[in-house]
Amino acid sequence: MEFLINWLSNVPQSAVPFALAALGLIVCERSGVLNLGAEGYLLVGANAGAGAMLTTGSPMFAFVLAALAGGALSLLFALLVINLRMNQVISGLTIVFFAQGLTSLIAARNGWTSRSFSGLDQLDFGLLTDIPVLGPILFNQDAIVYLTVALFAGAVFVFKRTEIGLQIRAVGENPAAADSTGVSVSLYRYLAVVSGAMLIGLAGGYLSVGVSKIWVDDMAGGRGWIAIALMIFARWQFWPALAGAVLFGCIEALIPRVAAVGLQVPQYFVLMLPYVATLCAMVWVSLDRTRHSGVPAALGEPYVREERR
Amino acid sequence: MKMKLALTCSFLLALPGLSTAMADSAKSFSLADDPKPALVLLSNKNDGGWSQALDEARAKVGKELGLRIPVVENVPENAAAIRPTVETFIDRGFNVIIGSAFGYSDTFKELAAEYPDVAFLNAAGTTNSDNLQSFYGRTYQSQYLCGMVAGGLSESGKLGFVGANPYGLVNWTVNAYLMGARQINPDATVTVVFTGAWNDPVKERAAAEALVEQGIDVIGQHVDTPTPQIVAQEKGIYGTGHHRDFSEFSAATQCSSVWVWERFLAPEIEEIAAGGWEVEPNGAFLSIADGGADIACCGDAVPEGLEARVMAEREALIDGKQIFAGPITDSKGTVRVEEGEVLSDADLWSMDWFVPGVVSQQ
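Residues numbered from 1 in each chain as written. Chains lettered and ligands numbered in written order. Predicted model: local features only at pLDDT ≥ 70, side-chain atom pairs only at ≥ 80, totals over all residues. Heavy atoms only, no water.

(A) Fine view of the state of the cysteines. Per the counting criterion, the structure on display carries 1 disulfide over all chains. Across a sulfur-sulfur distance of 1.8 Å, B:Cys297 and B:Cys298 are joined as a disulfide pair. Across the S-S bond linking B:Cys297 and B:Cys298, the dihedral sits near 85°, which makes this disulfide right-handed. Looking at the unpaired A:Cys250, the closest cysteine sulfur is the one in A:Cys280, lying at 16 Å. (Disulfide = S-S within 2.5 Å.)

Below, the structure is given as structure tokens:
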């Protein structure tokens, strides 16, 4: 029982980086811009967050800065793929390598590497937190955990109910049609790319400020790529992406605990589990032919007005 | 030819460590000019761990030998990155190239063949030739001593250990850690969690927290970041570090297994300069006496009596005491080292077993 509580109360913390990163990716890609740079936005977010904690000690400021860092880096990406219409695959990968170099340079110059800082406090909801079992799991998490759920709800609302969401979807499905009705393709793509990157930057900030409480080079550790798989698995839909992130969080929080009790399960099998889960999900999605795969129709294609395709 | 290749392959598979031995007996090597060493680093020179330890050795060696030794950072483990870096150094007249990664092994072997008048040294490498020597430390000695500190500090007798991947050079530190702890507390256990990554603070924190949940009260580590030490500080327990003295990052750290490469590199470069340098056919596998890994000990929490016992044991190791001396039986009951024998270097590199008292998934 104690094992179960320890495990499940750690799930949200493990799930949030995946959830926020997948959310940011979906926001971006629904506008038709392929985003392979998630790992890079995670790194700049984590770097900015850690730097802010080490210099000011304010988590609030750290998260704002992390989101802004992601957004700032995405302006470069947006310039490349929206204005200059460069290949989105190559531009996305470039962003990753650029962020790796940039963040290690900044950390090295400022002596941030391996320096610990205090992180986030768990919120206390009084009576709710004291409920046995459910209290520590649901009502004793940090603020970003609850913010993540709110951001998902917000994104669903914006995409389903508002004009802005409709237009982002339109430029992602059929930019020519959207353009002909007077919707600015570039404007809405910029909006989606930058706000998506801010969310991934926030995910990165959570990785360093909320979880590890330390910066080391390359600390995103491939989580950006997992988030991309999650987005595909979720067919570019918000709630399934959150569910997928929670599944990943469950496995990530379970792995060290299985090891710490000395359960005789082969090590490499356990470490492989999240990736097996991803593979299975992707196979399952591609086998199910009755449903639309969810890929935005114009994904990955630069928009040039009046170009024949 | 095929037969020879197959034999070589099976040999390499059998000895994943510092092998490629048994080729021709090494010829001696001499430099044409005065030595001009250069260092090629895998990551940032102030990464707090592995690379920083090598860079600190570079500065000390340079001072000792009166040389200016340049360094290039962040050279990843692929030929396309290593080759131009090394060739640039060689073009500028540098003739002792020092590498820093397992993943440099193959490229260094090729470069050593192409530049026979340049000496190559590679930390954590696996390849050797007439002018290329890999080197690594016998970290089981330093971790054994840290295990003694941990065993003495623990009240519950339950120690935790965060490791990267369960292969030879990590497994031997885990086993030695427990064997050291049992010198002080014969009932001590070590619970080990592997993260599957060398440099992932998120996974290291999760591993350390899971260990604390299980009631451990001292945490050791063989991963690159000081995260387990920082968790120890947060939870009010003690820890022992790896790579460098991690008390720099955490007040919980009472002892660390530290690299002392300068003690090996300075005399080695002098030997190369003197002419007649002979490469160890299996690479240099350095004990505390040779200057590979040593301990930084002890923190304020370590009582004087314990410190004295650790230091006495360190002297014994320098005088030739063997840690993996028989009889040793593993946790499944298989005899691994017979009475009166000592585990061979090849068996150390392929160690895939744990001694009784190690709690693990294997």
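(B) Region of the structure containing helix α12 (residues 238-260) of chain A. Residue and element names in this part refer to chain A. An ideal rise of 1.5 Å per residue puts 33 Å on 23 residues; α12 measures up with 34 Å between its terminal C-alpha atoms. Helix geometry: α12 is bent most strongly at Leu 254, by close to 25°, with proline Pro 256 lying one to four residues after it. Of the residues flanking the end of α12, it is Gly 262, one or two places downstream, whose phi is positive at about 75°. (Helix = DSSP H or I, 4+ residues; strand = E, 2+ residues; numbered from the N terminus. Expected span 1.5 Å × (residues − 1). Bend = angle between axes of the 7 residues up to and from the residue.)

(C) Fine view of the sheet that holds strand β9 (residues 238-243) of chain B. The mixed open sheet is built from 7 strands, whose spatial order is β12-β10-β9-β8-β6-β7-β15 (chain B). Every other strand in the sheet has two partners, leaving β12 (293-297) and β15 (358-359) of chain B as the edge strands with one partner each. (Pairing = 2+ DSSP bridges.)

(D) Broad picture of a nonpolar patch on the surface. A contiguous nonpolar surface patch, about 470 Å² in accessible area, is contributed by A:Leu123, A:Phe125, A:Leu128, A:Ile131, A:Leu134 and A:Leu138. Here A:Ile131 lies in the loop between α5 (127-130) and α6 (134-138). (Patch = residues over 30% accessible without salt bridge, like charges linked within 9 Å, V, L, I, M, F, W, Y side chains within 5 Å. Areas by Shrake-Rupley, 256 points an atom, 1.4 Å probe, with all protein chains shown as cover. Salt bridge = Lys/Arg side-chain N within 4 Å of Asp/Glu carboxyl O.)

(E) Molecular detail of the pattern of salt bridges. For the structure on display, the rule yields 19 salt bridges over all chains. The closest approach of N and O atoms between B:Glu209 and B:Arg205, which form a salt bridge, is 3.2 Å. Residue B:Glu209 and its partner B:Arg205 are both found in helix α7 (residues 201-213); the two are separated by 4 residues, about one turn of the helix. Each member of the pair, B:Glu209 together with B:Arg205, is buried. Taking the shortest distance from any N to any O, the salt bridge between B:Glu315 and B:Arg314 comes out at 3.5 Å. Residue classification places B:Arg314 among the buried residues on the basis of a relative accessible area of 17%. Bridged by salt links that share partners, the residues A:Arg115, B:Glu56, B:Arg244 and B:Glu248 form one connected network. (Buried < 20%, exposed > 50% of the residue type's maximum accessible area, 1.4 Å probe, protein only.)

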